[in-house]
Amino acid sequence: MLYKDLYKNPIAETAERVNDLLSRMTLPEKLAQLGAQWLILDEHGDHQDRDLEMGSHESKKPIHERLKHGIGQITRPLGTHSVSSAEGVKALNALQDYLVNQTRLGIPALSHEECLVGLMSKDATLYPSSLNFGHTWNPALIEEMASDIGRQVRAVGAHQGLAPVLDVSRDVRWGRTEETLGEDPYHVGLLATAYVKGLQGEKRDVLATLKHYVGHSFSEGARNHAPVHIGFKELNDTFLLPFEMAVKLGNAGSIMPAYHDIDGEPCHSSEYLLTEVLRHRWGFDGLLVADYGGVDLLYSHHGIASDSAGAAALSFNAGLDIELPDDACSTKLELAMERGEFSITKLDEIVTRILTMKFELGLFENPYCELPTEPLHNEESEQLTYQVAAESLVLLKNDGLLPLSNQTKVALLGATADDQLALLGGYSFPVHLILSSEESDARVAATLRETFEQAFDSVCFAKGCNILTERHANAPVFPGDVDLALSQCLDSPIDMDTSGFIEAGGVIQDSEVAVVCVGDLQGFSKQERLEKGLMLIASIYRMYNKGLSIWR
């Protein structure tokens, strides 16, 4: 078969195809590959903008204007709203059909989804938290689990998953601790590498995304955007090591820089970290994608750029390839070029990497996804979920109390005992629905209370305290997906009322065992919630110090 355009010939060398396509592209078409669009997709092509935007709040051009030159990526087509896998794939295919057949050069988009604790999509498997992965001490199991996650990612047409997290836990106050694999750098690197291998498969036809590069978990005050104060040796030996392992041993296909700065240099603008270390020293050959809103933060938060155009120039000059979740800053690069801050040579270098990855993933030959005919979650997923959860359990001490007889009279206490969301990670789909103001009554997991009431003849429950005064969108239960907080002024929703402790103490008078469920919702300061839980335990113990066994 003869091909008029070399870049459309599937048997031609990738480098030849890339050079041919690059030579045909206009400046707007090249710049379009550096950005993404975050849309509510529709199978009939009636795509809509999301209500919640991460980056610039400037007025946007109509969607067809933003798509006419193509796009680099489409952001979370199924994970953004509640849609079945079949409906979501139809909508994604409709977008790809427009890009392939209605734009001048027909360049398809990469699709990415969150998949830290399983594909973040309706009806996908809900795996335990990453911290549970670390507690299994079982790389083979984590690779098998990640392979199942990869199967589900592929089933919905995604080419990239924004996982795993390689941050090494250092401060338990950090609200994202449950996203980590633990506190030992080698252990984190080993399990993360297993996750990468499982997710990507032998063909690397789905890209794992290592995050948050680097040192994010050691921020000042344990805050999400705060600076990191760290010396080079500790940076290298503790925080860079897991990333190096996952790149060299796992062949990770993508990396995401972190929000913070190290010694005054933001990660999103660090040529040393993004180019010298990754590409020159480690041989990384994948794509560097921005954390959501991370480019704009160089201007709006870090203050090292005079505007969004300058922020984009700093990031892309440093080594960034694609801005996520949208193109708020990458569209300003033409202005940066006019000011001499960004060059066509650098632009061609970046577009070459993006096109190379798209060709290697087979997007030009297979831009569409087959409609799913099997459920995302199956019996194997169920078994793996249980095994990960079971192997992650840690029993610190058993003085002969366990196992409990089903005739044991149990007092079950604590706010997390009757809340299914307390059992789920922040990057699970049900928690994400809160953000989108689509809170659902659907039962996705049995609560501890429900499970105890099934297992024991006598269970007396008392909440003791609430976690939140009110649960709503923008409550701190999902760290990566809220407004950039540049203009927010919100009262803390954390409920510090302890008046229910007395009632909680009363339920144990006729009980033999007190099971106290302390903890919080993902995204909170671990310290303040732990302190409150321990206050509950201490209060109960003081009131009823009669030899009662307390299991917590």
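See the structure above.
Residues numbered from 1 in each chain as written. Predicted model: local features only at pLDDT ≥ 70, side-chain atom pairs only at ≥ 80, totals over all residues. Heavy atoms only, no water.

J.: So, the sheet that holds strand β7 (residues 207–213): which residues are in play, and what are the values?
T.: Taken in spatial order, the 7 strands of this open sheet run β1-β4-β5-β6-β7-β8-β11, and their pairing is parallel. Each of the sheet's edge strands pairs with one partner strand only, and the pair in question is β1 (36–37) and β11 (287–288). Bridge count for strand β8 (residues 254–257) against β11 is 2 bridges, and the pairing is parallel. By the bridge assignment, serine 254 is partnered in β11 with leucine 287. Packing of helix α8 (residues 232–248) onto the sheet brings it into contact with β7 and β8, and relative to β7 it is tilted by some 165 degrees. (Pairing = 2+ DSSP bridges. Helix = DSSP H or I, 4+ residues; strand = E, 2+ residues; numbered from the N terminus. Contact = heavy atoms within 4.5 Å. Axes fitted to C-alpha atoms, helices over the stretch in contact; angles between N-to-C directions.)

J.: Go over unusual backbone geometry, please, and point to the residues and values.
T.: With an omega dihedral of 5 degrees, the bond running from lysine 211 to histidine 212 counts as a cis peptide bond. Along the chain, histidine 212 turns up in strand β7. For the peptide bond that leads from leucine 402 to proline 403, omega is 0 degrees, which places it in the cis range. Positionally, proline 403 belongs in the loop between α14 (379–392) and β12 (409–413).

J.: Any chance you could break down the nonpolar core for me, citing the residues and the numbers?
T.: Membership of the largest hydrophobic core comes to 109 residues, with the highest contact counts inside it found for Leu21, Tyr195, Leu199, Leu210, Tyr213, Val214 and Phe342. Looking at which element gives the most residues to this core, the answer is helix α13 (residues 344–360), with 7 residues. Dropping the residues within four chain positions of it, leucine 199 is found in contact with Cys115, Ala146, Ser147, Ile149, Gly150, Val153, Arg154, Ala163, Val206, Leu207 and Ala208. (Core = buried A, V, L, I, M, F, W, Y, C linked by side-chain atoms within 4.5 Å. Buried < 20%, exposed > 50% of the residue type's maximum accessible area, 1.4 Å probe, protein only.)

J.: Lay out the packing of aromatic side chains in plain terms, naming residues and giving numbers.
T.: Evaluated as defined, the whole model comprises 7 aromatic pairs. Centroid distance tyrosine 213 to phenylalanine 243: 5.2 Å. Interplanar angle 70 degrees. Geometry classified as edge-to-face. Here phenylalanine 243 lies in helix α8 and tyrosine 213 lies in strand β7, a separation of 30 residues in the sequence. Assessed through its relative accessible area of 0%, tyrosine 213 is described here as buried. By relative accessible area, which is 0% here, phenylalanine 243 ends up buried. Each ring, one from tyrosine 213 and one from tryptophan 282, has its centre 6.4 Å from the other, and the planes form 75 degrees; the classification is edge-to-face. Residue tyrosine 213 is located in strand β7, and its partner tryptophan 282 is located in the loop between α9 (271–281) and β11; the two are separated by 69 residues in the primary sequence. For the pair tyrosine 213 and tryptophan 282, one class covers both residues: buried. (Phe/Tyr/Trp six-rings, centres within 6.5 Å; stacked < 30°, edge-to-face > 60°.)

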